[in-house]
Amino acid sequence: HYMSLHGGKKEVHFISVDKPNNMCDILRTTRDLIIPANHEMCIAVKTTKFQNNTELIIKPTIDLTTKLHVAGGKCLGRVHNGTLIYKLLNPNAHPVTIPAGTAVAKAEQFCADTVIKVTDTNDTHDTHTSTGCSDNIPSVNTCDTHIDYTCMSEQDKLQYQQIALDLGFDFNESHLSEEQKSKLLTFLGKHRAVFAKDMSELGSTHLMEHTINTGNSKPVRTPPYRQSPTVRAEVDRQVREMQEHGVCRNMV
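Because the structure is a prediction, the values reported are computed rather than measured. (Residues numbered from 1 in each chain as written. Predicted model: local features only at pLDDT ≥ 70, side-chain atom pairs only at ≥ 80, totals over all residues. Heavy atoms only, no water.)

## Structural notes on the overall build of the chain
So, step 1. What the chain contains, in helices and strands, is five helices and twelve strands.
So, step 2. Out of the 252 residues belonging to the chain, those deemed buried represent 26%.
So, step 3. Residue pairs in contact within the chain that sit at least 24 positions apart in sequence constitute 69% of those at least 6 positions apart.
So, step 4. When the accessible surface of the chain is split by element, carbon and sulfur atoms take 53% of a total near 17,600 Å². (Helix = DSSP H or I, 4+ residues; strand = E, 2+ residues; numbered from the N terminus. Buried < 20%, exposed > 50% of the residue type's maximum accessible area, 1.4 Å probe, protein only. Contact = heavy atoms within 4.5 Å. Areas by Shrake-Rupley, 256 points an atom, 1.4 Å probe, with all protein chains shown as cover.)

## Focus: the environment of Asn 90
So, step 1. Here Asn 90 shows up in strand S9 (residues 83-90).
So, step 2. In this structure, the C-alpha to C-alpha distance between Asn 90 and Ala 71, residues 19 residues apart in sequence, is 6.5 Å.
So, step 3. Ignoring anything within four residues of it in the chain, the contact list for Asn 90 reads Ile 35, Pro 36, Ala 37, Asn 38, His 39, His 69, Val 70, Pro 95 and Val 96.
So, step 4. At 3.1 Å, the side chain of Asn 90 forms a polar contact with the backbone oxygen of Ile 35. (Polar contact = N/O pair within 3.5 Å; in protein donor to acceptor, adjacent residues only side chain to side chain.)

## Examining the pattern of salt bridges
A side chain with one charge can pair with a side chain of the opposite charge if their charged atoms come near.
So, step 1. Enumeration according to the criterion identifies nine salt bridges in this entry.
So, step 2. Glu 178 serves as the salt-bridge partner of Lys 181, at 3.5 Å between the closest nitrogen and oxygen. Placement of both Lys 181 and Glu 178 in helix H4 (residues 178-190) is noted, with a separation of three residues, approximately one turn of the helix.
So, step 3. A relative accessible area of 11% means that Lys 181 is categorised as buried. (Salt bridge = Lys/Arg side-chain N within 4 Å of Asp/Glu carboxyl O.)

## Describing H4
So, step 1. Spanning 13 residues, H4 covers 18 Å between terminal C-alpha atoms, matching the ideal 18 Å at 1.5 Å per step.
So, step 2. The complete set of buried residues in H4 reads Lys 181, Leu 185, Thr 186, Leu 188, Gly 189 and Lys 190.
So, step 3. Contact partners of the buried residues in H4: helix H3 (154-166). (Expected span 1.5 Å × (residues − 1).)

## Examining the sheet that holds strand S11 (residues 103-109)
So, step 1. Spatially, seven strands are ordered S7-S9-S5-S3-S11-S6-S8 in an open sheet, and the strand pairing comes out antiparallel. Each edge of the sheet is formed by a strand with only one pairing partner; in this case those strands are strand S7 (71-72) and strand S8 (75-78).
So, step 2. The sheet contact formed by strand S6 (residues 55-60) and S11 spans five bridges and is antiparallel. Paired with Lys 59 across the two strands is Lys 106, which belongs to S11. (Pairing = 2+ DSSP bridges.)

## Considering the pairing of S11
So, step 1. Across five bridges, strand S3 (residues 24-29) lies against S11 in antiparallel orientation. When the sheet's bridge partners are listed, Asp 25 is paired in S11 with Ala 107.

## Things to note about the side chain of Thr 61
So, step 1. Position of Thr 61 among the secondary structure elements: in the loop between S6 and helix H1 (62-66).
So, step 2. In this structure Thr 61 touches Ala 103, Val 104, Ala 105 and Lys 106, once residues within four positions along its chain are discounted.

## Here we look at the packing of H3 against H4
So, step 1. Between H3 and H4, the least distance of the axes is 7 Å, while the angle of their chain directions is 75°. Comparing the axis directions of H3 and H4 gives the class roughly perpendicular. Between H3 and H4, the contacting residues are Lys 157, Tyr 160, Gln 161, Ile 163, Ala 164 and Leu 165 on the first element and Ser 182, Leu 185, Thr 186, Leu 188, Gly 189 and Lys 190 on the second.
So, step 2. Counted by class, the contact of H3 with H4 contains six nonpolar, four polar and two charged residues. (Axes fitted to C-alpha atoms, helices over the stretch in contact; angles between N-to-C directions. Parallel < 35°, antiparallel > 145°, perpendicular 65-115°, else oblique. Nonpolar A, V, L, I, M, F, W, Y, C, P; charged D, E, K, R; others polar.)

## Regarding the confidence of the model for the chain
So, step 1. With 76% of its residues at a pLDDT of 70 or more, the chain has an overall mean of 79.
So, step 2. Contacts from residues 120-143, a stretch scored under 50 in pLDDT, to residues over four places away or in other chains number 37 contacts. (pLDDT = per-residue confidence, 0-100.)

## Details of unusual backbone geometry
With glycine set apart, most residues show a phi of negative sign, and most peptide bonds adopt trans.
So, step 1. Of note, Asn 38 is a non-glycine position whose phi angle comes to about 55°, a positive value.
So, step 2. Judged by relative accessible area, which is 54%, Asn 38 ranks as exposed.

## Some thoughts on H3
So, step 1. Taking 1.5 Å per residue as the helical rise, H3 with its 13 residues ought to reach 18 Å, and the 18 Å between its terminal C-alpha atoms agrees with that figure.
So, step 2. In this structure, the buried side of H3 is in contact with H4.
So, step 3. Gly 168 occupies a position one or two residues after H3 and carries a positive phi of about 105°.

## Quick notes on the pairing of S9
The two faces of the sheet receive side chains in turn, since in a regular strand these alternate between them.
So, step 1. Side chains Leu 84, Tyr 86, Leu 88 and Asn 90 of S9 all project onto a buried face; the interleaved residues Thr 83, Ile 85, Lys 87 and Leu 89 project onto a face where none is buried.
So, step 2. Two strands pair when backbone bridges link them, and strand S5 (residues 39-46) and S9 are joined in this way by eight bridges, in the antiparallel orientation. Looking at S9, one finds that Ala 44 is bridged to Ile 85.
So, step 3. When S7 meets S9, the two strands line up antiparallel, connected through two bridges. The residue of S9 that forms the bridge with Ala 71 is Leu 89.

Here is the structure:
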């Protein structure tokens, strides 16, 4: 998904990429790269299957994190002279070297008819019901993208900060200044509705359906793993909790 900002509101576009006939391509680096420690870098990646001006959905390969130990996001890109721009993040305390021709992302063509636009609507009651949050907390779609702290009273700031602290956010060991901690806690507390403190607050959406295409593969049946009584009791507890809150259901 991606976001665009309009009038201080978030407009989120969810993109379905489940079209089985979409052509895919592996995007590879065009030259040797050295990403400094704790830095991000915009790099050029090449495609061999898509023509110029084609809009693509780009997402990182599994090897990007498991083998290269860098991170990349899911985004939209447009082909220019056989290449696209992709951003990588090196969260390590040491530089990371990526040779030319390394597969860092995969892409498929973006189809406009698979986009569902989510904007502010009058169904805020449904949103609050699905998230388990009270009606005085703003929904995800109505979260301000910018907070004017100069216009906010100290009482409101403290109230939002306490909400964030109650969620378990703790920045005492961080490198942030006291002012930065205060602003971040205020921001998180103001957007309480996007966080789930426990299983009862997990929401769901009717806008998208996720499918796993198994092709012609035969069903796999394996016996359950042996578990100690302690582990078994904990597994049963978690399963019951998920069943109670509608996360899963018994298929027997």
